Amino acid sequence: MKAATPRAVAGLAALALLAGTAPARAAETTVGISHGIDNLSGPRADWHESTLFLRHQLAPRSGFGLGATRIERFGLHETQFSANADLPLSERLTASIDGTASGDHQILARHALGATLQYEFAKGWLVHGGGRSSSYNDAHVNQSLLMLERYVGNYSVAGAWRAARALGATAHSGELRASYYYGERNAVGLSLAAGKEAANIGGITRLTSVRSAALTGRHWLDQRWAVTVALGHTRQGDFYTRNGINLGLQASY
């Protein structure tokens, strides 16, 4: 969950969707790099986003990661640093935490902290619940998440409800996800989202309507190298329509 950014976009959010649902192997370190370009409607310049990340998987439900993202939006440049960790609390319960910080914070959050609990209440059935707090120059955004996920064979489907509290009002949105897993670790995912959310537009935080769709994929070329791709479409209220692509390369050791 990330504040003030449309969820299903061709960027980190879309790739994280796939990374969060695909099966993980134990005792593995992955280094990756990606670059995304989003074309906005009207005379606005394209957005650019480059990310470098490191992920160390200790066990199937235990690991941590670090990342750095450089963005260019509305003529502004920022660098955001991130960290995350997953920890099994029991055989069925897993906790995840993540945080970000931006030194410039003209568009991105000055800092943000989120936590999620995942509980497998029956075979192939998971429920996720969590929250996130983000501080911007002009607003503070609190978010909550409730998601139900189902695994059947090589497929998974999920439905999520989100709420964002900012500027004295609450916005609600919903999301549907579907993923197909093939081979040992390859996956393709589709995400559709609609509702209202807190978005930073030109340095100003607003509650706007959003409709978005993203198609994501990860394919391993061999045991070490993998490529990732994300295609996204977002309509951000009456402000703009955005179409993007993100390509990445990963190496595991």
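Calculation rules
- Residues numbered from 1 in each chain as written.
- Predicted model: local features only at pLDDT ≥ 70, side-chain atom pairs only at ≥ 80, totals over all residues.
- Heavy atoms only, no water.
- Helix = DSSP H or I, 4+ residues; strand = E, 2+ residues; numbered from the N terminus.
- Polar contact = N/O pair within 3.5 Å; in protein donor to acceptor, adjacent residues only side chain to side chain.
- Buried < 20%, exposed > 50% of the residue type's maximum accessible area, 1.4 Å probe, protein only.
- Pairing = 2+ DSSP bridges.
- pLDDT = per-residue confidence, 0-100.
- Contact = heavy atoms within 4.5 Å.

Caption draft 1: Layout of the environment of tyrosine 151. Within the secondary structure layout, tyrosine 151 lies in strand 8 (residues 140-152). Between the C-alpha atoms of tyrosine 151 and glycine 124, which are 27 residues apart in sequence, the distance is 4.7 Å. A polar atom in the side chain of tyrosine 151 sits 3.0 Å from the side chain of glutamate 149.

Caption draft 2: Layout of the pairing of strand 1 (residues 28-40). Burial of the side chains of strand 1 is restricted to one face: Glu28, Thr30, Gly32, Ser34, Gly36, Asp38 and Leu40 are buried, whereas none of Thr29, Val31, Ile33, His35, Ile37 and Asn39 on the reverse face is. Examined bridge by bridge, strand 1 and strand 2 (residues 47-59) share 11 bridges and lie antiparallel to one another. Considered in strand 2, the bridge of glutamate 28 is made with glutamine 57. If you look at the hairpin formed by strand 1 and strand 2, you'll find six residues sitting between the two strands, and glycine 42 has a positive phi there, around 80°. As paired elements, strand 1 and strand 14 (residues 240-252) share 11 bridges and run antiparallel to each other. When the bridges of strand 14 are listed, histidine 35 appears paired with leucine 247.

Caption draft 3: Structural view of the confidence of the model for the protein chain. In the predicted model, the protein chain carries a mean pLDDT of 89, and 90% of its residues have values of at least 70. Counting contacts from residues 1-22, a segment whose pLDDT is below 50, to residues more than four positions away or on other chains yields 87 contacts.

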